[in-house]
Structure formats: C-alpha cells, structure tokens
Amino acid sequence: MDQKPFKVVIVGGSIAGLSLALMLERNGIDFVVLEAYGSIAPQVGASFGVLPNGFRILDQLGCYESVLKMAETPVEKFFFRDSQGQPFWAFEDFNEKSMGSHGYPVVFLDRRMLIQVLYEKIQDKSKVITSQRVESIENGTSSATVTTTTGQVYTGNMMVGADGIHSKVRQEMWKAAKKIDPTWIDPAEESALPATYACIFGISKGVEGIEKGVLNSVFNEHYSYLIPSGPGDLTYWFLVRNMGKTYYGADIPRFSKEEEETLAKEHFHDQITPTLQFSALYKSKIASVYTSLPEYVYKKWHFQRTITIGDASHKFEPLTGQGGNNAMETAASLTNHLVAALKKSQSGTLSSAEISKIFEGVQQQRENRAWTLVKASHARQRLECLETPLLKFMARYVLPRLPKSLILDKWIDTYGSAVSLDMLPLPYRPREAPYFDERFRTPSSRGVVSILLYAAYFLLTWLGYRQLSTAIRANGTMELVRQTIKSKSILLPGGVEAPLRQVYTGLGPVDLILQVIVTIFLPAVTNFSTPEQPLQVMYFLSSILPIIAILTVEGFRPRNKWTLLATPSIWAVLYQLRGIGLIAPLYFVSSTFISSGMSYFSPSTRTLPESTARAILPALALGFIVPTIMLFFPLADSLNMRQIFIALWQPAPIYVVILTQIFSRVIKSIGSSTPVKTDSSAAEGKFDSDIPHLQTLYAVAGGVSACFHVAFLLSWAALGTNFITKVFIPSDAFAQVTTLADGVFVFFQNDFLLVAAATLLWCLVSVWDLHRIGVSNVSWQMALAGLILGSMAIGPGATAAAVWYWREEVMSRTSFRRHGPVSSSVEST
C-alpha cells in the first residue's frame, strides 16, 4: 500500500503498542510510538506466554520463527499439583494437541524478549521514541496532539493509548469527555476497577527441579502458583494470593520491595514439586515485582480521535495468559478497521465521524470476547486458590477425572473467535480446527432453535407412543397377540391354525418375548393383510438399512464415547421391542443435544480407526442384510423355520455391532504387518483415511434402499394412484382390527412414517449445524429442499445415506482459507 497522509500516534512501546506499530508499517500507514521508559524492552521481571491466538498474529507479522527460536522449548506437558507438589492431573501431550488443533504451540519467554522481536521487525526505528512520557492530549477537529513531559509535541490523525492499566491516555480522554460530553463516560468507571488478587512475578536462573517444557499449576487455599520453564536455564513463576477482599480504584494497594520479601519468606516452604520448594525459586531470582492484579473491561474505549487498547481497555488476570495476546488482537482489530476505512477514503484521511465509527467497530468486535476471557481468568484463579468448599471439592474429586476433550473444547471456544489481520496472508500451519475468520461465516449457537428442535423430537416421540404403543392396545392388536400366545397357535389364511413355536433359547422370559415378537412379525412376512403389505414391509426394512449403518458409525466415533450414542446395541434392543418410530426420535434428540458445541465437529473426533471403517460394511451385510433376506426366503418347513428366522432376525442390528468389532480386530491384525506410510501425504490425510470406506458403506446401504424405492415407484405406476395410499397412509390406528395381520400392517405403516419424519428432521439439523459453524455453505433452506426432493426421488433412507456421505467429507476438512471482509461484529458462540 502506498504511503497515506494519515498518521497514528501510539502512546506505549510494549506489546500492544509495538505490535500495532508493526501492523501499521506493514500497511504503509505513518505512525510514531512514544515510550515513557528510557529504553525499549527493559527488564521488569515479567514473562510472557504466547498462545495460539497471539501466535497467529505474530506469524502474519513475520515474528513466528524468531519467537520460537527465542523461547527455545514449547510447553510439552501441563500438570495440576496439590499443596504438596504432587500431580493430580496431567496433560502430557499438550504441545501435540495444541499444534494439531490450532496450528501453534504455547511458549514462554521474557516479556522484554517479545518486545525486542517486535521492535527488531519495525523497519523505521526512528519512529519509536523513548523517554517520552505523556503530559497532556488535545483532540482537534482533524487531529490529536500529545505533549510530553519533555515539552515535545506530536500530532496525528488518531491517538492510541497502549500505555497499560494506569493509562495516562485514558485519563486525558476522560478529562476531555467530561468537558465536551459528560454523559460519555460513566462516573462510576473511575472507581470500578477491581482487584482481588496480588502477585509476585519472578524470573529465576539455574533452578533445578523444573523440567524443560513443563508448565505447573500448584493449588493452595487462597494462593496458587504458576510455574513455566523458560529458555536456557530460566524459570518463570507467579505467586498469586487473595488479598482478603476486593479493592476498587484508588484503594487498590501498591506494594514495596520489603512487602514482597516478607510475603515471599512466608511461602518459602511451599512445595512446588515434591522435591522443590518456593525458596529455591525466590533465592535464585534475577528479577521480580510485587503488584496487585486489577481485572476489568472498560465500558468506553474511545472518545473523539482517541482510543485505548491492551491493558488500557481490558485487563486480565495473568493465570490464563490472555492479557498480552488479547492486546495483539485488539491492535489487529483496530488495524483491520482502519485499513478498510482508508481504502474507501478518496482523500487518504478520515473525518472525526469516520474515526468514531472505526473505534465503535473495534469495541463492538472485541468487548464481549474480552469480557468472556476476563471472567474465565478470574474463575480459573478462584479455582486454583480453592476459594470455596465447592471449589475444593471440584479440585479434589472432579479435576483429577477431567477428560482432555473438555480442554480441547475450551480451546476452540477460546482461540477460535480470535481476531487476525485481514489484509496479511496467514502462513500455512496444519491444524484441524479452523479459526472463525477462516470459515464461511462466524459460528453461531442454535439459540432458541434448540428448544424448537427438542420440542419437535419429543412431539414425534409422543406421537410414536400414541400411534404405536397406545394404538395397538386400543385397536385390539395386543389382545389378538395375547390370544395367540395363550392358544399357542396362529391363524393362517383360510382359517387354518398352525402351532406357535414355544422354545427358542430355553430361557422362559426370553422365549416369551420372542413369542410375542414372532406373533407380531409373522403376519407381516407370511400371512399378509393385503397384497401391498409385503412390499411395504420390504420397503420399510430397506429404508432403515442406512439408518442402522449410520447409528453403527456414530457408535464408534471417538467424539461419542461416553455418550448415549456410544451404545447402538441398547438403542437397537429398544427400537426392536418398542418400534423404531418411537425410539428413533429419542436417539435423535440425544444426538442433537450432544452435538450442540463446535468442538463436536473436530475432524480428529470424527475419524474412525480405518479398520473399524472397513469392518462396518461386511458386518452390515452379514448381520442385517442376510438375516433380512432369510425372512422372505422360500422354505420347505416354512412356518416353523420362518418363526426361527424371525426370532434370529430380531437382534440383527446388534449382530452388526458385534461383527464390526470382530471384523475390525481381524482387519487390524492383518494390517499390522503392512508397512505404515510415512510420507507427507499420509500425514496430511490422518483425519480422512476412513472416509473412502464410510462413503462406500453409505453408497451401498443407500443404493439398496434406493432400489426398493424405485421398485415402489414402478409398482405405483403399474398399479395406480390408490397403491401409494394403501401402502403408506394408515387408516385410523385406533379403529378395531379384525385380524392380527391388519393390526400389524397399521402398526408398521405408522412406524415407518414416524421414523422417516424423525430421520429427515435429524438430517436437516445435521446439515444446518455445518452451516451455522461456518464449514459449509449449504443453508437449511437448501437442505430442506434437497431432503424433500431426495425423499421423493430415492426415498428417505437413501437420502439419509446421501447426507452422511457428504457430511463425512465436510467434517474432515483441515485446510481453510479466509471468507469475506472484516466484520464489525462477532456473534457469540
């Protein structure tokens, strides 16, 4: 971009100020940085944790490699420790998960080291001026002017306060607002800044007992430690204590060096690890500072041509490391909005109204995220300080059992909505979780739609109970079943009675259940109520074939482990006993609830082991398709054998699950002798090696279902319009039936309609979910139209298979690009 006649005055030469300066320089926007200290990057005893959301911006600015080299070792392991230094929770593949999920590690280095990296990247260092402490600021109609304590005057079109929590720029901004617009700043803001905790930040050298690449959090009552290793033989540490009450504004205490030493000595015997006490850290320190920890997000970040960023606008607890990383985010947001506005400007400059609009856009984009993370930091600090009996209970009994998946979910919430620079390219860093600005749209929650979906599923469940369980009692079907069981014979066409088989397993209760099921199913496959009944039954069974395939796949997905979806066999028992039209909506409502979060759609949690993916199709063929064919297979001793086959068919969906496990182990055993690919293409495909096998599964299951649908359409064409009514539209389910075959026919008609409706709603939700989280451009309207057309053309079962065929590939994507310009607002997630 060509040099613009627009200048930004930045007050503060730390992380926020220098990162903004570098961003402006990369866009050809003039700037000057005024730093109060006599040098850039002084040693003030503080470390800095670079997180993925900050690293991504640094990567765009060309600082990634420099920071990595300076930090030397990323965080490889993370431990929660108790007051004796004993670990009670460990995340030992921390770096692998961070890199795999978000493309960047977490590293710690001196704060001054990062400042030095940013400073070195600035081309024109004459624009970074030290020993310039702000005295006053004046806002004009076309410019803002700052006067320093040395008498120097600097003028720009925009003034940015990146000068920390005690910001002089913010004080001057408030002073001006009181004169011009007293309502702009809430008077309560002056005393609203709270501080509950205080901290000694320290850097120690040559400490033994802290493993390189390890981050330790040590829990204690009303105080805690955070101990990361640093480059070389440096160790960083934070001793945080509860000050006993929350102080506000001017009452927030400041501490002397003597008070620091007194507090440190009180904690000398605290265990950091079983072999390391705090005294070893403090006695080997090379720098330290004792300070209160305010935490707040101000209501107004700007006035006229002045805006504050970083700690001057949002101040964090240090525990989560988000303070400096979010300072870079706000700097990036300001740069995005400024560059976009300057591109539209014909004159190369901006009016006060245009600048106010930029500032409003920045605060609107950043404020909610900042508040969310500030509150999260505070909650985390309270937990590690064991502030209440409940938090003590959680630390002792809940955290030790905390699955890493919850941490990964939290990372997506924390890092995903991070801001980056719109105008600079993002270097390729392999990762499976796209950031929000790399998606087709900003992810959103289901909101009130969730309630409507749950209501719809429960309505279908109620209808299933009414049309199936209640109706077969009211219309006399169950009475006919009872009479058949009691008489031990079943009525065949022509009034002939045939014996009902009594023994299947030798277990009385099981055999009784099988007698009931055989009594209900036998008319559907031999003693037809109408000529349309056999086609209806075969069509029904072919339609649920893809559903059984999908439920089996979902049962083996890593993301469904320890959820209700992980037990397809139990669901199979329920729907075989009560009707799939009643049970399917309950399964789908469980699935909808479990899949509400974005992390559910992570590619790695989607992926099945390749051996499992390969095993499901043969398991489906042998476990379900073959027993189903045997239901209709011509037999010599037809009635007795038919009853046996019906009994054997009932657990067919369970056979599929069992056979999948068996075949998977066999395939894995055979494949263990095959050399593993180590080339880059194999590495890049680590999240999609199962897709070809799953898509083949969906294609076969959907193809079988589609063939029966086509046969149905041809029969309809041959037999006339009444055929479809007779096959699918049930008569009054509560009307008395004369034969058991009539009652069973009506039951299956209702059962099919209910499961078809529930399945298509589930498919609609599944497609919409991918749209709302921003990884697909298929809207719910398009999905609805496709589902309706698909159901008409290839049937509901094949349509569900087609949706899952497409969905697998969408969920497996790990390569992303930006979509759309800078947005002035971010939806909550």
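Note that the structure is predicted; figures quoted are calculated from it, not measured.

### Structural notes on the nonpolar core
Here is step 1 of the chain: Within the largest apolar cluster, 133 residues are counted, with the highest numbers of intra-cluster contacts made by Val67, Phe278, Leu334 and Leu338.
Here is step 2 of the chain: Among the elements that make up this core, the one with the highest residue count is helix α9 (residues 322–344) (9 residues).
Here is step 3 of the chain: In contact with Leu338, other than residues within four places in its own chain, are Phe6, Val8, Leu24, Ile29, Met158, Leu350 and Ile358.
Here is step 4 of the chain: If you look at the next biggest cluster of nonpolar residues, it comprises 101 residues, including Ile490, Ile544, Ala584 and Ala652.

### As for the packing of helix α13 (residues 449–474) against helix α18 (residues 580–594)
Here is step 1 of the chain: Packing of α13 against α18 brings their axes to within 7 Å, and their N-to-C directions diverge by 165°. Relative to α18, α13 is oriented roughly antiparallel. At the point where α13 passes α18, the crossing takes the left-handed sense. Side by side, α13 and α18 meet where Leu453, Tyr454, Tyr457, Phe458, Leu460, Thr461, Gly464, Tyr465, Leu468 and Ser469 of the first sit next to Gly581, Leu582, Pro585, Leu586, Phe588, Val589, Thr592 and Phe593 of the second.
Here is step 2 of the chain: Here the residues of the contact of α13 with α18 sort into 13 nonpolar, 5 polar and no charged.

### Some remarks on the packing of helix α15 (residues 508–525) against helix α21 (residues 638–649)
Here is step 1 of the chain: Contact geometry of α15 with α21 gives a least axis separation of 9 Å together with a crossing angle of 115°. Accordingly, the angle class assigned to the pair α15 and α21 is roughly perpendicular. As for how α15 packs across α21, the hand of that crossing is right-handed. Here Leu514, Val518, Phe521, Leu522 and Val525 of α15 lie close against α21, whose contacting residues are Leu639, Arg642, Gln643, Ile646, Ala647 and Trp649.

### A closer look at the sheet that holds strand β8 (residues 134–139)
Here is step 1 of the chain: With respect to topology, 3 strands assemble into an open sheet ordered β8-β9-β10, the strand pairing being antiparallel. At either margin of the open sheet sits one strand with a lone partner, and together these are β8 and β10 (153–156). For this sheet, the mean inter-axis angle between neighbouring strands, taken without regard to orientation, is 20°.
Here is step 2 of the chain: Alignment of β8 against strand β9 (residues 144–148), held across 5 bridges, turns out to be antiparallel. Along β9, the bridge assignment pairs Ile137 with Val146.

### Points about the pattern of salt bridges
Once the charged atoms of two side chains with opposite charge are near each other, the side chains can pair.
Here is step 1 of the chain: One pass over the full model with this rule turns up 26 salt bridges.
Here is step 2 of the chain: A salt bridge links Glu221 to Lys392; the nearest nitrogen and oxygen atoms lie 3.2 Å apart. Taken as a pair, Glu221 in the loop between β13 (214–220) and β14 (223–228) and Lys392 in helix α11 (residues 389–398) lie far apart in primary sequence, 171 residues in all.
Here is step 3 of the chain: The exposure class assigned to Lys392 is partly exposed, which follows from its relative accessible area of 33%.
Here is step 4 of the chain: With a closest N to O distance of 2.6 Å, Arg606 and Glu808 form a salt bridge. With Arg606 in helix α19 (residues 603–606) and Glu808 in helix α28 (residues 796–811), the pair connects residues that are 202 residues apart, well separated along the chain.

How each quantity is defined
- Residues numbered from 1 in each chain as written.
- Predicted model: local features only at pLDDT ≥ 70, side-chain atom pairs only at ≥ 80, totals over all residues.
- Heavy atoms only, no water.
- Core = buried A, V, L, I, M, F, W, Y, C linked by side-chain atoms within 4.5 Å.
- Buried < 20%, exposed > 50% of the residue type's maximum accessible area, 1.4 Å probe, protein only.
- Helix = DSSP H or I, 4+ residues; strand = E, 2+ residues; numbered from the N terminus.
- Contact = heavy atoms within 4.5 Å.
- Axes fitted to C-alpha atoms, helices over the stretch in contact; angles between N-to-C directions.
- Parallel < 35°, antiparallel > 145°, perpendicular 65-115°, else oblique.
- Left-handed = near helix turned anticlockwise from the far one by under 90°.
- Nonpolar A, V, L, I, M, F, W, Y, C, P; charged D, E, K, R; others polar.
- Pairing = 2+ DSSP bridges.
- Salt bridge = Lys/Arg side-chain N within 4 Å of Asp/Glu carboxyl O.

The quantities given are spatial measurements derived from coordinates; they are silent on function.
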